[in-house]
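# Descriptive analysis of the structure
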Amino acid sequence: MSIAAAIGTRELAVAMSDDPDREIVMDDGRGPRTTVGVIVAQLVHHGNEHRTQATTILGSNGFEPPAVSAWAYGRAAGISETGE
């Protein structure tokens, strides 16, 4: 199993069973605190940051960026007929 698949499997298990308000202290108890809900939200959102960076770089260099939304992916993969 790839690292991405393992993380996705674990993320889904946590999202379905853990308390989103449960507090977590980062870095073995020495770091800042957060909640399970914030970590799950960041896992979902993190890819948006990279897609934005990539499309900005392409556009700044005169290239038309591809459609990178989940809707565009679904249509390209043939698993969705809806979206923007």
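Heads up: these notes are all about the structure in this document. Just so it is clear, the model here is predicted, and its values are computed rather than measured.

When you go through the chain residue by residue, the secondary structure sums to three helices and two strands. Seen in sequence order, the chain has helices and strands lined up from the N terminus as α-β-β-α-α. Relative to its length of 84 residues, the chain is extended, with a C-alpha radius of gyration of 17 Å against a globular reference of 12 Å. Each of the three principal axes of the chain carries a C-alpha extent, and together these read 45 × 30 × 25 Å. Counting all 84 residues of the chain, 8% fall into the buried class. Looking at the chain alone, contacts between residues at least 24 apart form 10% of all its contacts between residues at least 6 apart.

This part takes up the side chain of Glu11. Within the secondary structure layout, Glu11 lies in helix 1 (residues 3-17). Buried within the structure, Glu11 lacks any salt-bridge partner; Arg10 is the closest side chain of opposite charge, at an N-O distance of 10 Å. Discounting chain neighbours no more than four positions away, the residues touching Glu11 are Val40, Leu43 and Val44.

A volume near 160 Å³ is recorded for the largest pocket. Looking at the largest pocket, the residues that line it are Ile7, Arg10, Glu11, Val14, Asp18, Arg22, Ile24, Val36, Ile39, Val40 and Leu43. Contributing elements (two or more residues each) for the lining of the largest pocket: helix 1 and helix 2 (36-60). For the lining of the largest pocket, the residue count by class is seven nonpolar, no polar and four charged.

With that out of the way, let us pick up the packing of helix 1 against helix 2. Viewed as axis vectors pointing N to C, helix 1 and helix 2 meet at an angle of 140°, and their least axial separation amounts to 11 Å. Relative to helix 2, the element helix 1 is oriented oblique. In this structure, the crossing between helix 1 and helix 2 has a hand that is left-handed. Judged by residue contacts, Glu11, Val14 and Ala15 of helix 1 engage Val36, Val40, Leu43 and Val44 from helix 2. Broken down by class, the residue content of the contact of helix 1 with helix 2 amounts to six nonpolar, no polar and one charged.

Calculation rules
- Residues numbered from 1 in each chain as written.
- Predicted model: local features only at pLDDT ≥ 70, side-chain atom pairs only at ≥ 80, totals over all residues.
- Heavy atoms only, no water.
- Helix = DSSP H or I, 4+ residues; strand = E, 2+ residues; numbered from the N terminus.
- Rg over C-alpha atoms; globule rule 2.2 N^0.38 Å.
- Buried < 20%, exposed > 50% of the residue type's maximum accessible area, 1.4 Å probe, protein only.
- Contact = heavy atoms within 4.5 Å.
- Lys, Arg positive; Asp, Glu negative; His and termini not counted.
- Salt bridge = Lys/Arg side-chain N within 4 Å of Asp/Glu carboxyl O.
- 1 Å grid on protein atoms, 1.4 Å probe; cavity = no way out; pocket = protein on both sides within 12 Å on 5 of 7 lines; lining within 4 Å.
- Points joined across faces, edges and corners; volume = space filled by probe spheres on them.
- Nonpolar A, V, L, I, M, F, W, Y, C, P; charged D, E, K, R; others polar.
- Axes fitted to C-alpha atoms, helices over the stretch in contact; angles between N-to-C directions.
- Parallel < 35°, antiparallel > 145°, perpendicular 65-115°, else oblique.
- Left-handed = near helix turned anticlockwise from the far one by under 90°.

Geometry only, nothing functional implied.
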